[in-house]
Amino acid sequence: MTFRKKKKVRIPDDPEEAYRKALKTAMNIVGYKDNTEFTLREKLSERGYYGETVDAVAEFMKSKGYVDDRRMLVRTARSLALGKLYGKARIKNELAMKHFDREVLAALDWDCEELSDIDFAMICGKLLEKRGGVRDEKTYAFLRRYGHTPSDIRAAYAAYEADETEERDEENRKG
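Being a predicted model, the structure only gives us computed values, none of them experimental. (Residues numbered from 1 in each chain as written. Predicted model: local features only at pLDDT ≥ 70, side-chain atom pairs only at ≥ 80, totals over all residues. Heavy atoms only, no water.)

K.L.:
Hey, could you run me through the overall build of the chain in this one?
P.N.:
Counting secondary structure elements, the chain contains 9 helices and 0 strands. Ordering the α and β elements of the chain from the N terminus gives α-α-α-α-α-α-α-α-α. Oriented by its inertia axes, the alpha-carbon framework of the chain measures out at about 85 × 40 × 30 Å. Counting across all 175 residues of the chain, residues that qualify as buried make up 37%. Across the chain, every contact between residues at least 6 apart in sequence was considered, and the portion connecting residues at least 24 apart equals 61%. As displayed, the chain has an accessible area near 11,800 Å², and 49% of this comes from carbon and sulfur atoms. (Helix = DSSP H or I, 4+ residues; strand = E, 2+ residues; numbered from the N terminus. Buried < 20%, exposed > 50% of the residue type's maximum accessible area, 1.4 Å probe, protein only. Contact = heavy atoms within 4.5 Å. Areas by Shrake-Rupley, 256 points an atom, 1.4 Å probe, with all protein chains shown as cover.)

Dropping the structure here:
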């Protein structure tokens, strides 16, 4: 696998022309993949654009809604919860590593409309089921590493044990 360096762009001397070219580059970057403000700035800088131009383009992209850290934060949080079965603590850690703005990250509200339907006890229960429902220190530590809270873990164990009891009762009635 070969990695290519980002192509540096020939930057015009005229600030307005440099802005237009940087804006076109930013549109191409965002058109390809949604980016945070941090990553957009980073990608523009890698291509050779300078501070004031990068700042102006990033502000324009934010003002038009092409770059929206909160929207991307919510989408990434949902993906990590539902796809990787992470708990709240692990999700926050992963989001911080993805360079989301600290203020946006601090304002993350798990009860907001976009995230309120995520049931972390159920997600924890899925992980518990994968581990065979064993109630031991290793499983507990595993669930904690995935970012689940003790209350989510307790609820997951309770639901798992209730399902197991229900299945046994069903088998007893049949047999």
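K.L.:
Quick question: what am I supposed to make of the nonpolar core here?
P.N.:
Membership of the largest hydrophobic core comes to 28 residues, with the highest contact counts inside it found for Ile-91, Leu-95, Trp-110, Leu-115, Phe-120 and Leu-143. Sorting the residues of this core by element identifies α4 (69–83), α5 (88–97), α7 (120–130), α8 (137–145) and α9 (150–174) as the ones contributing at least two each. No other element matches the 6 residues that α4 contributes to this core. Residue contacts for Ile-91: discarding those within four places in its chain leaves Ala-77, Leu-80, Ala-81, Tyr-86, Trp-110 and Phe-120. Among the nonpolar cores identified, the runner-up in size contains 14 residues, and Ala-22, Ile-29, Val-54 and Val-57 belong to it. (Core = buried A, V, L, I, M, F, W, Y, C linked by side-chain atoms within 4.5 Å.)

K.L.:
Looking at this structure, how should I read helix α2 (residues 37–46)?
P.N.:
Since there are 3.6 residues in each turn of an α-helix, residues three or four apart along the chain are aligned in direction. Those residues of α2 that sit buried are Glu-37, Thr-39, Leu-40 and Leu-44. The arc enclosing the buried residues of α2, seen along the axis, measures out at 165°, which places them on a common side. Next to the buried residues of α2 lie α1 (15–32), α3 (51–63) and α4. Just beyond α2, the residue with positive phi is Gly-48, at close to 105°. (Arc of directions from axis to C-beta.)

K.L.:
Looking at this structure, how should I read the pattern of salt bridges?
P.N.:
Where charged atoms from two side chains of opposite charge come close, those side chains can pair. One pass over the structure, following the stated rule, counts 13 salt bridges. A salt bridge links Arg-20 to Glu-16, with the nearest nitrogen and oxygen atoms 3.7 Å apart. With Arg-20 and Glu-16 both in helix α1 and 4 residues apart, this pair spans about one turn of that helix. In this structure, Asp-117 engages Arg-78 in a salt bridge whose closest nitrogen and oxygen atoms are separated by 2.8 Å. Of the two residues, Asp-117 is situated in the loop between α6 (102–106) and α7 and Arg-78 in helix α4; the sequence distance between them amounts to 39 residues. For Asp-117, a relative accessible area of 54% gives the class exposed. (Salt bridge = Lys/Arg side-chain N within 4 Å of Asp/Glu carboxyl O.)

K.L.:
Help me understand unusual backbone geometry, please; the structure alone is not making it clear to me.
P.N.:
Glycine aside, a negative phi is what most residues show, and trans is what most peptide bonds show. Notably, Leu-85 is not glycine yet its phi reads approximately 65°, a positive angle. Locating Leu-85 in the fold gives a position in the loop between α4 and α5. A relative accessible area of 8% means that Leu-85 is categorised as buried. A positive phi angle is found at His-99, which is not glycine, with a value near 65°.

Read these as spatial facts, not as claims about activity.
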